[in-house]
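Chain residues, written in single-letter form:
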Amino acid sequence: REALRRGTGVALPRREAELLLGLAIGDTSGMDPEVEEDFRASGLGHLLAVSGSNVAMFLAPLLAVAAAMRASSATRLLVGIAGVGFFALVTRWEPSVLRASAMAGLALAGSFAGRPRSSAPLLGGAVLLLLVGDPWLARSVGFQLSVAATAGIVALAGPLASRLWWLPRPVALAAAATLGAQIVVTPLLLLRFGVV
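A short note on the overall build of the protein chain
- Scanning the protein chain from terminus to terminus reveals 9 helices and 0 strands.
- A globule of 196 residues ought to have a C-alpha radius of gyration of about 16 Å, and the protein chain, at 18 Å, matches this closely.
- Buried residues in the protein chain amount to 33% of all 196 residues.
- Contacts spanning at least 24 positions in sequence make up 54% of the contacts within the protein chain whose residues lie at least 6 apart.
- Counting every atom, the protein chain has about 11600 Å² of accessible surface; 68% of that belongs to carbon and sulfur.
- Positive and negative side-chain charges of the protein chain, numbering 16 and 11 respectively, have mean locations separated by a distance of 15 Å.

Given below as structure tokens:
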């Protein structure tokens, strides 16, 4: 984490370096409070909280390199598990990263075992494992929002995308995923923060 901080400090001006750390690993400790508030006010505060997309952006290149090196499926499984564990450590075990890491670990294990992947059972299994390990995680707002957003995407993205038939399929899926997540997290946002 400190090496990443030093590297961004050398490569970028201070303001941009702090923004990159916020976007990449959720570290907003050195970010200008005004910039952080601008993100919140514009509804983009979630970009500064690490999430499943950060885990995917970290994991995909690792697995691509392992595949390019013709690693066995067992080696790819170990690389993937180690990768998500390392990313969770770097991001200080953020609840949304824990959820995404647990889902990724289960997906990797299922793929290794030759089982088809299905997002709903992966989400349910990840939540169950994490709550058995730490029941107090259920009280974390970050965990609640992460699980709700993922559930919204899993349950609503497909049906919503089919109703957006006039859009190109990738655009319809992206819009539907965003809408699905927003629909499900809105009650939590209103309850916890009084804003949408």
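Next, the rest of the story.
Brief notes about the confidence of the model for the protein chain
- Within the protein chain, residue pLDDT values average 90, and 100% of them lie at 70 or more.
- Considering each helix and strand of the protein chain separately, the mean pLDDT is smallest for helix 3 (residues 33-41), with a value of 85, and largest for helix 7 (residues 119-133), with 96.

Thoughts on unusual backbone geometry
- Phi is positive for Arg70, which is not a glycine, with a value near 60°.
- With respect to the helices, strands and loops of the structure, Arg70 is situated in the loop between helix 4 (52-68) and helix 5 (73-90).
- In this structure, Arg92 takes a positive phi of about 60° despite not being glycine.

Some points on the packing of aromatic side chains
- Under the criterion given, the structure shown has 3 aromatic pairs.
- Ring centres 5.9 Å apart and planes at 90° place the aromatic pair Trp165 and Trp166 in the edge-to-face group.
- The exposure class assigned to Trp166 is exposed, which follows from its relative accessible area of 54%.
- Of the aromatic side chains, those joined through ring pairs into one cluster are Phe58, Phe86 and Phe87.

What about a nonpolar patch on the surface?
- Residues Leu23, Leu44 and Leu47 make up a contiguous nonpolar surface patch of about 210 Å² in total accessible area.
- Structurally, Leu44 can be placed in the loop between helix 3 and helix 4.

Digging into the nonpolar core
- Counting 14 residues, the largest nonpolar core has Ile25, Val55, Leu59, Val84, Phe87 and Val97 as the members making the most contacts within it.
- Counting only elements with at least two residues in this core, the list comes to helix 2 (14-25), helix 4, helix 5 and helix 6 (95-112).
- In this structure, Val97 is in contact with Val50, Ser51, Val55, Phe87, Ala88 and Thr91, ignoring residues within four places of it in sequence.
- Listed in part, the 11 residues of the second largest apolar core include Ala102, Leu122, Ala126 and Leu137.

Focus on the environment of Val65
- Note on placement: Val65 falls in helix 4.
- Each C-alpha atom, one on Val65 and one on Val79, is 10.0 Å from the other, the two residues being 14 residues apart in sequence.

Brief notes about the packing of helix 6 against helix 8 (residues 141-163)
- Helix 8 packs onto helix 6 with a crossing angle of 45° between their chain directions and a minimal axis gap of 7 Å. Our classification of the angle between helix 6 and helix 8 gives oblique. The residues of helix 8 that touch helix 6, namely those facing Pro95, Ser96, Arg99 and Met103, are Gly142, Phe143, Ser146, Val147 and Thr150.
- Looking at the contact of helix 6 with helix 8 residue by residue, the classes come out as 4 nonpolar, 4 polar and 1 charged.

Here's the deal with helix 4
- Look at helix 4: 24 Å from first C-alpha to last across 17 residues, which is about the 24 Å you get at 1.5 Å a residue.
- Of the residues making up helix 4, those classed as buried are Asn54, Val55, Leu59 and Ala66.
- Residues of helix 4 that are buried sit in contact with helix 2, helix 5 and helix 6.
- Phi for Arg70, located one or two positions after helix 4, is positive at around 60°.

A look at the pattern of salt bridges
- One pass over the structure, following the stated rule, counts 5 salt bridges.
- Linking Asp27 and Arg1 is a salt bridge whose minimum nitrogen-to-oxygen distance equals 3.6 Å. A residue pair is termed long-range when its members are at least 10 positions apart, and Asp27 in the loop between helix 2 and helix 3 and Arg1 in the segment before helix 1 (2-11) qualify at 26 residues.
- Judged by its relative accessible area of 25%, Arg1 falls in the partly exposed class.
- The partner of Asp32 in a salt bridge is Arg15, and the shortest N-O contact between them spans 3.4 Å. Taken together, the positions of Asp32 in the loop between helix 2 and helix 3 and Arg15 in helix 2 put the pair 17 residues apart, joining distant regions of the chain.
- A relative accessible area of 24% places Asp32 in the partly exposed class.
- Since its relative accessible area comes to 48%, Arg15 is described here as partly exposed.
- One continuous salt-bridge network, built from bridges that share partners, spans Arg1, Glu2, Arg5 and Asp27.

Thresholds, definitions, all that
- Residues numbered from 1 in each chain as written.
- Predicted model: local features only at pLDDT ≥ 70, side-chain atom pairs only at ≥ 80, totals over all residues.
- Heavy atoms only, no water.
- Helix = DSSP H or I, 4+ residues; strand = E, 2+ residues; numbered from the N terminus.
- Rg over C-alpha atoms; globule rule 2.2 N^0.38 Å.
- Buried < 20%, exposed > 50% of the residue type's maximum accessible area, 1.4 Å probe, protein only.
- Contact = heavy atoms within 4.5 Å.
- Areas by Shrake-Rupley, 256 points an atom, 1.4 Å probe, with all protein chains shown as cover.
- Lys, Arg positive; Asp, Glu negative; His and termini not counted.
- Charge placed at Lys NZ, Arg CZ, Asp CG, Glu CD.
- pLDDT = per-residue confidence, 0-100.
- Phe/Tyr/Trp six-rings, centres within 6.5 Å; stacked < 30°, edge-to-face > 60°.
- Patch = residues over 30% accessible without salt bridge, like charges linked within 9 Å, V, L, I, M, F, W, Y side chains within 5 Å.
- Salt bridge = Lys/Arg side-chain N within 4 Å of Asp/Glu carboxyl O.
- Core = buried A, V, L, I, M, F, W, Y, C linked by side-chain atoms within 4.5 Å.
- Axes fitted to C-alpha atoms, helices over the stretch in contact; angles between N-to-C directions.
- Parallel < 35°, antiparallel > 145°, perpendicular 65-115°, else oblique.
- Nonpolar A, V, L, I, M, F, W, Y, C, P; charged D, E, K, R; others polar.
- Expected span 1.5 Å × (residues − 1).

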